[in-house]
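Coordinate inspection notes
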Amino acid sequence: IVEKRNGIATLKLHRPDAMNALNQQLVEELDYHVEAIGKDQEIRAVILTGEKNFAAGADIKAMVDLDVRGAETFAFSHTFKKIYNLEIPTIAAIEGYALGGGLELAVTCDLRIASSNAKLGFPETGLGIMPGAGGTILAPMLLGVSKAMEMILLGSIVGADEAYRIGLINKMVEPGQAYSEAVNWANKFVDGAPVALQMAKKTIRRGLESGS
Ligand code: COA
């Protein structure tokens, strides 16, 4: 579900029956809208959210029968990279579960606000797979190698308080408040200096990529 209001684009994942598990169709729709937002000069901030749950991961039922070619087509990295590369600030507003590909999607954003009932983790290795859509790169950047190794290799799921403590989220709010707080932050970006925000974001990224 896409909403554009007062310079803020909200992309709301909407597969409630499957806890917003990411299937091909959902990611293709996400890709289409991210592409459009990237070209829309009116938009100054993006919020990714999912209502009751953010996303409980890649759609396991869809993955089970994939052959090698099917698995390659099912990959989400291309779309997630587009989100990562948006020039404007991006915020993930997280209620409920953000697991696997769902957490990988959240860490493509610049900032994460989660409600105190949120549960976050990378359970992939327990399923015989690995975080393949940027999690192995972005989690160590956010958490440091040691904590990222722990989360990914143990597949542990943490609550919002622990996620806040280790720097996985920027802010913890009361249940049901993640989106409204994200709008508060996004409004600051809308009222802010767009070139300064974009250059600051770009420069932080370049510094990380060059290691200096
Ligand atoms: N892929 C596909 N369907 C999923 C899903 C996923 N990643 N996560 C949840 N769902 C579906 C369930 O199959 C169920 O649908 P159904 O009733 O039609 O079978 C519905 O969402 C609700 O899930 P359910 O397991 O009944 O809810 P719960 O509250 O008991 O447990 C979770 C919630 C998130 C702990 C559990 O669904 C889970 O472990 N999901 C997989 C998480 C995961 O490993 N993600 C990484 C994938 S790479």
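Let us look at the structure shown here. Along every chain, residues carry numbers that run from 1 in the direction the sequence is written. Predicted model: local features are reported for residues with pLDDT of at least 70 only, side-chain atom pairs are reported and counted for 80 or more only, and whole-chain, interface and lining totals are derived from all residues. Processing note: side-chain calculations cover all non-hydrogen atoms of the structure and skip hydrogens and water entirely.

A separate point is the site of the ligand. Summary of the distance rule: residues count as near a molecule or strand when at least one heavy atom falls within 4 Å of that molecule or strand. If you check the shell around the ligand, you find 15 residues, and the closest are A56, A58, D59, I60 and K61. For the purposes of these results, a polar contact is taken to be a pair of N or O atoms within 3.5 Å, where, inside protein, one atom must be able to donate a hydrogen and its partner to accept one; residues adjacent in sequence count only when each atom of the pair is a side-chain atom. Between the ligand and D17, the relevant distance is 3.5 Å, taken from an oxygen atom to a main-chain nitrogen or oxygen of the residue. With respect to the ligand, the backbone of I60 contributes an N or O atom lying 2.9 Å from a nitrogen atom. Starting from 850 Å² of accessible surface for the ligand in isolation, the protein chains cover 58%. Among the elements of the structure, α2 (60-63) and β5 (97-99) are those that each provide at least two residues to the shell around the ligand. Within the shell around the ligand, the residues separate by chemical class into 11 nonpolar, no polar and 4 charged. Using the Shrake-Rupley algorithm and a 1.4 Å probe, accessible areas are obtained, with residue cover drawn only from the displayed protein chains. Only DSSP runs of H or I covering at least 4 residues are called helices, and only runs of E covering at least 2 are called strands; the numbering of each starts at the N terminus. When residue character is reported, Ala, Val, Leu, Ile, Met, Phe, Trp, Tyr, Cys and Pro are called nonpolar, Asp, Glu, Lys and Arg charged, and the others, Gly included, polar.

Burial classes follow relative accessibility: with a 1.4 Å probe on protein chains only, a residue under 20% of its type's maximum area counts as buried, one over 50% as exposed, and anything between as partly exposed. Counted residue by residue, strand β2 (residues 8-12) has 4 buried out of 5 residues, so it is predominantly covered. Two elements, strand β1 (residues 2-5) and β2, share 4 bridges in a ladder whose sense is antiparallel. Of the residues in β2, the one forming a bridge with R5 is I8. Being paired, for any two strands, means DSSP has found at least two bridges between them. Here β1 folds back onto β2, and the loop between the two strands holds 2 residues, one of which, N6, carries a positive phi near 50°. When β2 meets strand β3 (residues 45-49), the two strands line up parallel, connected through 5 bridges. Residue K12 lies in a different strand from β3, and its bridge partner there is T49. Taken together, β2, helix α1 (residues 24-39) and β3 form a β-α-β motif whose crossover is right-handed. By convention, orient the strands away from the viewer: a clockwise path from the first strand over the helix to the second makes the crossover right-handed.

The next point concerns the packing of α1 against helix α4 (residues 77-84). Where helices are involved, their axes are fitted lines through C-alpha atoms of the stretch in contact, as for all axes, and angles between N-to-C directions lie from 0 to 180°. Their axes nearest at 10 Å, the elements α1 and α4 cross at an angle of 30°. The angle between the axes of α1 and α4 places the two elements in the roughly parallel class. Regarding α1 and α4, the two cross each other, and that crossing is left-handed. Two secondary-structure elements touch here, α1 through V27, L30, D31, V34 and E35 and α4 through H78, T79, K82 and I83. Taken together, the residues of the contact of α1 with α4 break down into 4 nonpolar, 2 polar and 3 charged. Here is the rule for angles: anything less than 35 degrees is roughly parallel, anything more than 145 is roughly antiparallel, 65 through 115 is roughly perpendicular, and the remaining ranges are oblique. In this scheme, a crossing is called left-handed if the near helix is turned counterclockwise away from the far one by less than a right angle; it is called right-handed if the turn is clockwise. By definition in these notes, contact holds between two residues if any of their heavy atoms fall within 4.5 Å.

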